[in-house]
Amino acid sequence: MKNTAARNEVIVGIDPREQPVPALTWAADEAVRRRLPLRLVVAVPLLPGGQHVDAPWSRTMLRVQGEGALAEAAATVRALYAEVPLTTELLDGTPSVVLCRKAVQARMVVVGSRRLSRPEELLSAGSVAVPVSAQADCPVVVVREPERAGQRHPRLVVGVDGSGSSRAAVEFAVEEAALHGAALHAVWVWRRPVVSFGDEAAGLDERRRILSETVAGWGEKYPDVEITHEVLRGHPVEELALASLGALVVVVGRHGRGGYSGMRLGSVVHGLLHRAECPVITVPESPHG
């Protein structure tokens, strides 16, 4: 990966309305694993036209609320890891836009998941997980539940489809597995067509070959990581969600950049953000380009 030296922070988006303790804990653990500083960010949203809500007193209240959330989050981190370099930042702007802007200096951005409905994701200024996953140019981690630490045989799952973004996802996932002391399971889900054409056995063999080539060589670079892979038939969201049951995280690639609404994220990644029972890490095709 490129320019990793310039991306020297783990950034956490803090929502003053709902303290994201699982996301905060995951990010603090990751900062320790990677020996990186942690930055906590609260964005005070603006209304259309660049005006803060209603009146100056509303702006003051929002900033006070944000400062309180940052102080509470910082205290949580300090209770876990007193030695982690920690910065807090209160900024003006739509949360998703602010976090995407901060992503240029981040090794990764970590946010909590409020599991908004599709209309809420489109219309709410507070929508964060989907638009940041769709637009940030670094890996984005969406955490809903605490990490399943202490497993006897921890594992990560990575989705592969032969694209450049899935190769970037594999690269990131192997590194992440090494940091966790976990195994890595690479999965290619071949969607069943409505009408079958051609030689299905040949198609299956071709996907197995590409999958094997995608993960080849990483075992030599990370000899302590056990890497397995398989091709499954079915719906990608359903199969990856099932494969990720009991996993520490599931990692998927992202093709290009999403639109402002974040709805160009891709149906598989978008579906996993709603279905996966573990943190979801979305990796852009050139996360450090």
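Residue numbers run consecutively from 1 along every chain, following the written order of its sequence. With the structure being a predicted model, the display of local features is reserved for residues of pLDDT at least 70 and the display and counting of side-chain atom pairs for 80 or more, all residues being used for whole-chain, interface and lining totals. Each side-chain value is derived from all of the structure's non-hydrogen atoms; neither hydrogens nor water enter the calculation.

**Student:** Explain the pattern of salt bridges residue by residue, including any values.
**Tutor:** Salt bridges are counted wherever a side-chain nitrogen of Lys or Arg sits within 4 Å of a carboxyl oxygen of Asp or Glu. Taken as a whole, this structure holds 14 salt bridges when the rule is applied. When the shortest N-O distance is used, the salt bridge between arginine 17 and aspartate 15 registers 3.0 Å. A salt bridge links arginine 209 to glutamate 206; the shortest N-O distance between them is 2.5 Å. With arginine 209 and glutamate 206 both in helix α7 (residues 200-215), this residue pair falls three residues apart, about one helical turn. Only DSSP runs of H or I covering at least 4 residues are called helices, and only runs of E covering at least 2 are called strands; the numbering of each starts at the N terminus.

**Student:** Please provide a residue-by-residue account of the side chain of serine 163, values included.
**Tutor:** On the secondary structure map, serine 163 appears in the loop between β6 (155-159) and α6 (164-180). Type-normalised accessible area, obtained with a 1.4 Å probe on protein chains alone, sets the label of each residue: buried when under 20%, exposed when over 50%, and partly exposed for intermediate values. Overall, the relative accessible area of 15% leaves serine 163 in the buried class. For this analysis, a polar contact is any N or O atom pair within 3.5 Å, provided that within protein one partner can donate a hydrogen and the other can accept it, and provided that sequence-adjacent residues contribute only side-chain to side-chain pairs. Engagement of the side chain of serine 163 in a polar contact is seen with the side chain of aspartate 161, the distance being 2.6 Å.

**Student:** Would you mind going over the environment of valine 104 in detail, with residue names and values included?
**Tutor:** Following the sequence through the fold, valine 104 ends up in the loop between α3 (95-102) and β4 (108-112). Given the relative accessible area of 52%, valine 104 is considered exposed. C-alpha of valine 104 to C-alpha of alanine 136: the two residues are 32 residues apart in sequence and 8.0 Å apart in space. Two residues qualify as a contact provided that any one of their heavy atoms is within 4.5 Å of a heavy atom in the partner residue. Excluding its chain neighbours within four sequence positions, the residues that come into contact with valine 104 are Arg7 and Asp137.

**Student:** Go over the nonpolar core with me, naming the residues and quoting the values.
**Tutor:** Nine residue types can take part in a nonpolar core, namely buried Ala, Val, Leu, Ile, Met, Phe, Trp, Tyr and Cys, and a core is a set of them joined through side-chain atoms within 4.5 Å. Core analysis: the biggest nonpolar cluster contains 52 residues, and Ile14, Leu38, Leu40, Val110 and Val251 have the highest contact counts within it. Per element, the largest residue contribution to this core is seven residues, and it comes from α6. In this structure, Ile11, Leu232, Val269 and Val280 belong to the second largest nonpolar core, which totals 35 residues.

**Student:** Which residues make up the sheet that holds strand β3 (residues 86-92), and what values go with them?
**Tutor:** Strand order in the open sheet made by the 10 strands is β3-β2-β1-β4-β5-β10-β9-β6-β7-β8, with mixed pairing throughout. The open sheet has two edge strands, β3 and β8 (227-233), and neither has a second partner. Neighbouring strand axes in the sheet, compared pairwise and without regard to direction, differ in orientation by 25° on average. DSSP calls a pair of strands paired once it identifies at least 2 bridges connecting them. For strand β7 (residues 183-190) and β8, the ladder comprises seven bridges, and the chain directions are parallel. By the bridge assignment for β8, valine 189 is matched with leucine 232. For helices, the fitted axis covers only the stretch in contact; all axes are lines through C-alpha atoms, and the angles between them, taken along N-to-C directions, range from 0 to 180 degrees. Contacts from α7 reach β7 and β8 within the one sheet, and its direction differs from that of β8 by about 155°. Each of β6, β7, β8 and β9 (250-254) is contacted by helix α9 (residues 236-243), which is oriented at about 160° to β7, the strand it contacts most.

**Student:** So what's going on with the packing of aromatic side chains? Residues and values would help.
**Tutor:** Working definition: a ring pair exists when centres of Phe, Tyr or Trp rings (six-membered ring for Trp) sit within 6.5 Å. Plane angles under 30 degrees give stacked, over 60 give edge-to-face, the rest tilted. Applying the stated criterion to the full structure yields one aromatic pair. The residue whose ring lies beneath arginine 33 is tryptophan 26, and the NZ or CZ to ring-centre distance is 5.7 Å. The ring of tryptophan 190 has arginine 233 lying over it, and the distance from NZ or CZ to the ring centre is 3.8 Å. Note on geometry: a ring has a charge over it if NZ (lysine) or CZ (arginine) is within 6 Å of the ring centre and within 35 degrees of the ring normal.

**Student:** Tell me about the state of the cysteines, residues and numbers included.
**Tutor:** Cysteine sulfur pairs qualify as disulfides if the two atoms are within 2.5 Å. Enumeration according to the criterion identifies zero disulfides in this entry. You can see cysteine 100 has no disulfide; the closest cysteine sulfur is in cysteine 138, sitting 8.6 Å from it. Residue classification places cysteine 100 among the buried positions, given a relative accessible area of 17%. Judged by relative accessible area, which is 0%, cysteine 138 ranks as buried.

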